[in-house]
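Fold and geometry: a report
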Amino acid sequence: MPELGPVAWPPALIRTERLVLRESESRDRAAFIELFASPEVGVYVDGPGPRDELERAVPEVPGRRPGFFVVELDGAMIGMITLDRRDAERPGHVRPDGGEAELGYMFLPEAWGRGYAAEACAAALDWFADALPGEPVVLCTRTANDRAMRLAAKLGFTAVERFEEYGAEQWFGVWSSVAPSA
């Protein structure tokens, strides 16, 4: 997947009221495996990965690349946020040539329902708006994922379209740091 472009990486730690967003480290490997093996998380990402395969496949320092943030609470990874360029071949775009930055996130089930995803995603979007001013960010989620739909609205994403992908109806929206003119 194409990278974000001319962005200094890794950025300085991003601190919110309760969380830290940072680059991945080797100490995060077990949490990555737990995240991708979780049946609860897997419901919305085409199923959990088999733990034995993940143990073999996950690198010593997983996710170390531009646009990838580990979300940490009290010194431990509770989730991850990605800002990647959306593949032009996939449905859902706000530019004719595609390639928009796409927000993705996954959190361990024990972190659900406490507002961590909203806090972390808002901080990542603020960072993105400073790093690439005026660039839109898109988000795609299954319409059946009520929590993700509520989070998209809370973060200020506006609906663009719905379409079928991965055997399910998808909601596709856009966020912009540029305030609309009155």
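A quick note: this is a predicted structure, and the numbers were derived from the prediction, not measured.

1. Digging into the overall build of the chain
Along the chain, the regular secondary structure elements total five helices and eight strands. Along the chain direction, N to C, the helices and strands of the chain fall in the order β-β-α-α-α-β-β-β-α-β-α-β-β. For 182 residues, the compact-globule estimate of 2.2 N^0.38 gives 16 Å, and the C-alpha radius of gyration of the chain, at 16 Å, lies within 12% of that figure. Viewed in the frame of its principal axes, the chain has a C-alpha envelope of about 50 × 40 × 30 Å. For the chain, the residues scored as buried account for 48% of the 182 residues in total. Partitioning the contacts of the chain with sequence separation of at least 6, the portion at a separation of at least 24 is 64%. Of the roughly 9,400 Å² that the chain leaves accessible, carbon and sulfur atoms contribute 52%. Mean positive and mean negative side-chain charge positions of the chain (19 and 30 charges, respectively) differ by 4 Å.

2. Describing the pairing of strand S6 (residues 137-142)
With six of its six residues buried, S6 lies for the most part within the structure. Of the two faces of S6, the one carrying Val-137, Leu-139 and Thr-141 and the one carrying Val-138, Cys-140 and Arg-142 are both buried. Bridge analysis of strand S5 (residues 101-107) against S6 gives two bridges, and the strand direction is parallel. In the sheet register, Glu-102 faces S6, and the bridge partner there is Val-138.

3. Points about the nonpolar core
Judged by nonpolar contacts, the single largest core of 35 residues is most densely connected at Leu-21, Phe-69, Ile-81, Leu-103, Val-137 and Phe-157. Of all the secondary structure elements, the ones that give two or more residues to this core are strand S3 (68-73), strand S4 (76-85), S5, helix H4 (116-131), S6, helix H5 (146-155) and strand S8 (168-175). Examining the composition of this core, we find that 11 residues originate from one element, H4, more than from any other. Not counting residues within four places of it along the chain, the set of residues in contact with Leu-103 comprises Ile-81, Thr-82, Leu-83, Cys-121, Leu-125, Val-137, Val-138, Leu-139, Leu-155 and Phe-157. Listed in part, the 14 residues of the second largest apolar core include Val-41, Leu-54, Met-80 and Leu-108.

4. Side note on H4
Given a rise of 1.5 Å per residue, 16 residues ought to cover 22 Å, and the 22 Å separating the end C-alpha atoms of H4 matches this to within 8%. Here H4 has its buried residues at Tyr-116, Ala-117, Ala-118, Glu-119, Ala-120, Cys-121, Ala-123, Ala-124, Leu-125, Trp-127, Phe-128 and Ala-129.

Quick notes on the rules
Residues numbered from 1 in each chain as written. Predicted model: local features only at pLDDT ≥ 70, side-chain atom pairs only at ≥ 80, totals over all residues. Heavy atoms only, no water. Helix = DSSP H or I, 4+ residues; strand = E, 2+ residues; numbered from the N terminus. Rg over C-alpha atoms; globule rule 2.2 N^0.38 Å. Buried < 20%, exposed > 50% of the residue type's maximum accessible area, 1.4 Å probe, protein only. Contact = heavy atoms within 4.5 Å. Areas by Shrake-Rupley, 256 points an atom, 1.4 Å probe, with all protein chains shown as cover. Lys, Arg positive; Asp, Glu negative; His and termini not counted. Charge placed at Lys NZ, Arg CZ, Asp CG, Glu CD. Pairing = 2+ DSSP bridges. Core = buried A, V, L, I, M, F, W, Y, C linked by side-chain atoms within 4.5 Å. Expected span 1.5 Å × (residues − 1).

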